[in-house]
Amino acid sequence: MHVAPVGGTAVQDHVALAEIELCGELIIAASTAREDRLSLESIDEVLRVAEERDLSGE
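Residues numbered from 1 in each chain as written. Predicted model: local features only at pLDDT ≥ 70, side-chain atom pairs only at ≥ 80, totals over all residues. Heavy atoms only, no water.

Chemist: Would you take a moment to explain the overall build of the chain for this structure?
Modeler: Secondary structure summary: the chain contains three helices and zero strands in total. Starting at the N terminus and ending at the C terminus, the chain contains elements arranged as α-α-α. By residue count, 5% of the 58 residues in the chain fall in the buried class. (Helix = DSSP H or I, 4+ residues; strand = E, 2+ residues; numbered from the N terminus. Buried < 20%, exposed > 50% of the residue type's maximum accessible area, 1.4 Å probe, protein only.)

Set out below in structure tokens:
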């Protein structure tokens, strides 16, 4: 078994960290939602889809 050495050698995958953060935000939104499932509009709002579209000029 190989164990990572203790110290500052951790590699950060920024894309994976961003995906984890978005999943966490979806989980929080789902747990506080009044309905059984989040609507597509609610999911888009949590993931800030409209903001991304505005920034990309679509």
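Chemist: Which parts of the structure should I look at to understand the pattern of salt bridges?
Modeler: A side chain with one charge may pair with a side chain of the opposite charge, provided their charged atoms come close. This model, assessed by the stated rule, comprises one salt bridge. With its nearest N and O atoms 3.3 Å apart, the salt bridge here joins Arg48 to Glu25. Of this pair, Arg48 sits in the loop between helix H2 (40-47) and helix H3 (49-56) while Glu25 sits in helix H1 (residues 14-32), and the two are 23 residues apart along the sequence. (Salt bridge = Lys/Arg side-chain N within 4 Å of Asp/Glu carboxyl O.)

Chemist: Would you mind showing me how to read the environment of Ser31 here?
Modeler: On the secondary structure map, Ser31 appears in helix H1. Here Ser31 falls in the exposed class, since its relative accessible area comes to 60%. Here the side chain of Ser31 touches Ile28 through a polar contact of 2.9 Å, landing on its backbone oxygen. (Polar contact = N/O pair within 3.5 Å; in protein donor to acceptor, adjacent residues only side chain to side chain.)

Chemist: I would appreciate a short explanation of H1 in the present structure.
Modeler: Three or four residues apart is the spacing at which side chains of an α-helix point the same way, because the helix has 3.6 residues per turn. Under the 1.5 Å per step criterion, the end-to-end length of H1 is 27 Å for 19 residues, consistent within 8% with the ideal 27 Å. The N-capping residue of H1, defined by a side-chain oxygen 3.2 Å from the backbone nitrogen of Val15, is Asp13. (Expected span 1.5 Å × (residues − 1).)

Chemist: Honestly, the packing of H1 against H2 in this entry has me stumped. Any pointers?
Modeler: The relative placement of two packed helices comes down to the angle between their axes together with the axis-to-axis distance. Packing of H1 against H2 leaves a shortest axis separation of 9 Å and a crossing angle of 135°. Relative to H2, the element H1 lies oblique. In this structure, H1 crosses over H2, and the sense of that crossing is right-handed. Contacts between H1 and H2 involve Leu22, Glu25, Leu26 and Ala29 on the former and, on the latter, Ile43, Val46 and Leu47. For the contact of H1 with H2, the residue count by class is six nonpolar, no polar and one charged. (Axes fitted to C-alpha atoms, helices over the stretch in contact; angles between N-to-C directions. Parallel < 35°, antiparallel > 145°, perpendicular 65-115°, else oblique. Left-handed = near helix turned anticlockwise from the far one by under 90°. Contact = heavy atoms within 4.5 Å. Nonpolar A, V, L, I, M, F, W, Y, C, P; charged D, E, K, R; others polar.)

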